[in-house]
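Single-letter residue listing:
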Amino acid sequence: MTGVTNGHLREITRRTALGALGAGIIGATVASWPRLSGTDIPGRGDNSLSIAIMGTAADAAARQRAIDAFTRLHPELRVKVQAIQAVDWKDFFTKILTMVAAGTPPDVVYVATEGAQLFAEKLAHPLDEYIRRDATDMKEFFDDVHPSLVEAFMYKGSLYQLPMDWNAANMYYNTAAFAQAGLERPADDWTHLDFRNSLAAMRKARTSDFTPYYWTNRLFGGVVPWLYANDTSFLKETRSAGGEWLWDGFYANDPSRGLRSGGYQWLEPNADDDRVFESFDYLRGLVKDGLGVRPEEGGGSSLVGLFASNRIGTTPAGGYWVQGLHEAGMGANDFDVQFFPRWKTQRHQFGTAGYAIMKTAKDKDAAWEWVKFSSSREAMELIFPNPITTPARRSMVNEQLYAGKGPAHWKVFYDTLDRFPTTGPIPAPPQQAAVETALMKNVSLAVSGDERQLKQALASMQRDLELALRRQS
């Protein structure tokens, strides 16, 4: 996705947006990933608390305000932030591993869902002891954050990160394109068939230079939301035991308490499931009938510009898209958002992010104070002055955040969790990098030919996933 700066579109995908939020604590935004100026970590021989993010420095004033707020609370602690240049989260995590191998690891790393289990398995220190110790202070945070986001950072019964921000794969639609096709706002419980009919109506109204459905080939917002809606996934999803200390301590009265676990696990491939075939076949039909693009055409570098120029009817995205659309010139009523269409379920997909304390941190108590401060309302209001994401705190997803920018139905963002509490995170085991490669390798082939080619692509995906899951994370 893209935002506009000085008249030029610049790419902000969901992943880079989450990286920007890691940088947001120091007031950064994301462009082409140069390094932060003036605050790089020297590596060795420095007692400062070192924070690694994927991002760049752009707003010194906001950066200093956030650091000053932390320093007022902890004048004895010095914080240094390093932004690491990376193409995506996979590249970022690889560079963190290189720093660890070189003996210069950061103390705290901002990690998205894609790397949460990699860090929990190999690199991160659990937060359990600190949360138990500071339970009175942390109660306000958990009261304001949906348990689905917290559970995404549970791994084998322990919690490794606190969610700072998140985004679900909701469905954005261009209101002008809908109106031109004679379509009204979709119902909250619209189905995948209703969605297809809407695409067909837009195609009939706009026969050229228009894409009714634009989607990308990646873990977030690609095929996975359709798999979740069809009550399946390309990996078999199970849950770990444990976590009662957290759920009974902070979410005992939550209506979804019985759904919670010690964390997600994805241990086996599931590409040979009949519902996976059914989901891919649905998308294959959209491509075949000219209702949707082939996903390899769906890169994020020009998406906001295309959408803002009324050349795209619908696309899955989260709250991170709002600011970019506003900067691209769309008015508050020029676009809107709705829940992802229902199939066998209306379970959504989401990604989240937060800080992880490294096992190698020089001072884990100091690192916890940073994580704890970052989860406070004061800090998060400094991080999220604009709708560049969906804040993890429910109370911050409010009319003020979207005023003058839209969408009209911004409540859809957090209602996704409140109304569909089984909504789940991106399927990202410790071998996420290999798993995503196996998925992406086969998606385009699966939706670009006939039924025989689809079956061959899914068989290939099954084999590739088996190999990916055998790899050491």
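These figures come from a predicted structure and were not determined experimentally.

1. What to know about the sheet that holds strand β10 (residues 211–213)
Where strands meet in a sheet, backbone hydrogen bonds hold them as pairs that are either parallel or antiparallel.
Right, so step 1: Spatial ordering of the open sheet is given by β10-β13-β9-β14, a layout of 4 strands whose pairing is mixed. Of all the strands in the sheet, just β10 and β14 (335–338) have a single pairing partner and so form its edges. Going across the sheet, the axis of each strand differs from the next one's by a mean of 25 degrees, ignoring polarity.
Right, so step 2: Bridge count for strand β9 (residues 170–174) against β14 is 4 bridges, and the pairing is antiparallel. Among the inter-strand pairings, M171 is bridged to a residue of β14, identified as Q338.
Right, so step 3: In the packing of helix α18 (residues 412–419) onto the sheet, contacts are made with β9 and β14, and the angle to β9 comes to roughly 150 degrees.

2. As for the environment of T423
Right, so step 1: Along the polypeptide, T423 turns up in the loop between α18 and β17 (424–425).
Right, so step 2: C-alpha separation for the pair T423 and A168, spaced 255 residues apart in sequence, amounts to 8.7 Å.
Right, so step 3: For T423, the residues in contact, after removing those within four places along its chain, are S148, Y264, R347, H348, Q349, F350, T416 and L417.
Right, so step 4: Engagement of the side chain of T423 in a polar contact is seen with the backbone nitrogen of H348, the distance being 3.2 Å.
Right, so step 5: Looking at T423, its side chain comes within polar contact range of the main-chain oxygen of F420, at 2.8 Å.

3. Structural notes on the pattern of salt bridges
Right, so step 1: Inspection of the entire model under this criterion finds 27 salt bridges.
Right, so step 2: Between D144 and R393 there is a salt bridge, with the nearest N and O atoms lying 3.1 Å from each other. Placement of D144 in the loop between α6 (135–143) and α7 (147–151) and of R393 in the loop between β16 (390–391) and α17 (399–402) is noted, with a sequence separation of 249 residues between them.
Right, so step 3: The partner of D281 in a salt bridge is R284, with the nearest N and O atoms 2.8 Å apart. Of this pair, D281 and R284 both sit in helix α12 (residues 274–288), 3 residues apart, which is roughly one turn of the helix.
Right, so step 4: Residue class for D281 comes out partly exposed when judged on its relative accessible area of 24%.
Right, so step 5: Look at the salt bridges and you will find they share partners, linking R133, D134, D137, E369 and K372 into a network.

4. Some details on unusual backbone geometry
Right, so step 1: Cis geometry is adopted by the peptide bond preceding P407, which originates at G406 and carries an omega value of 0 degrees.
Right, so step 2: Looking at where P407 falls in the secondary structure, it is placed in the loop between α17 and α18.
Right, so step 3: For D231, which is not a glycine, the phi torsion comes out positive at approximately 60 degrees.
Right, so step 4: With respect to the helices, strands and loops of the structure, D231 is situated in the loop between α10 (224–229) and β11 (235–239).
Right, so step 5: Taking the relative accessible area as the measure of exposure, D231 reaches 46% and is therefore partly exposed.

5. Notes on the packing of aromatic side chains
Right, so step 1: On inspection of all chains with the given rule, the structure shows 33 aromatic pairs.
Right, so step 2: Ring geometry for Y130 versus W368: centroids 5.5 Å apart, planes at 15 degrees, classification stacked. Of this pair, Y130 sits in helix α5 (residues 128–133) while W368 sits in helix α15 (residues 364–374), placing them 238 residues apart in sequence.
Right, so step 3: Residue W368 is classed as buried on the basis of its relative accessible area, which comes to 0%.
Right, so step 4: Here a set of aromatic residues connected by ring pairs shows up, and it is made of Y172, F307, W321, F335, Y402, W410 and F413.

6. A closer look at the environment of V412
Right, so step 1: On the secondary structure map, V412 appears in helix α18.
Right, so step 2: V412 gets classed as buried once you look at its relative accessible area, which sits at 6%.
Right, so step 3: Sequence-wise, V412 and M171 are 241 residues apart; in three dimensions their C-alpha atoms are separated by 9.8 Å.
Right, so step 4: Not counting residues within four places of it along the chain, the set of residues in contact with V412 comprises N170, R185, V337, Q338 and F339.

7. Describing the pairing of strand β8 (residues 165–168)
Where a strand is regular, its side chains alternate between the two sheet faces.
Right, so step 1: Judged by which residues are buried, β8 turns out to be covered on both faces: D165 and N167 on one side and W166 and A168 on the other are all buried.
Right, so step 2: Across 4 bridges, the pairing between β8 and strand β15 (residues 349–357) is antiparallel. Within β15, the position partnered with D165 by the bridge is A353.
Right, so step 3: The sheet contact formed by β8 and β16 spans 2 bridges and is antiparallel. Looking at the pairing, W166 lines up with T390 of β16.

About the cut-offs
Residues numbered from 1 in each chain as written. Predicted model: local features only at pLDDT ≥ 70, side-chain atom pairs only at ≥ 80, totals over all residues. Heavy atoms only, no water. Pairing = 2+ DSSP bridges. Helix = DSSP H or I, 4+ residues; strand = E, 2+ residues; numbered from the N terminus. Axes fitted to C-alpha atoms, helices over the stretch in contact; angles between N-to-C directions. Contact = heavy atoms within 4.5 Å. Polar contact = N/O pair within 3.5 Å; in protein donor to acceptor, adjacent residues only side chain to side chain. Salt bridge = Lys/Arg side-chain N within 4 Å of Asp/Glu carboxyl O. Buried < 20%, exposed > 50% of the residue type's maximum accessible area, 1.4 Å probe, protein only. Phe/Tyr/Trp six-rings, centres within 6.5 Å; stacked < 30°, edge-to-face > 60°.

Geometry only, nothing functional implied.
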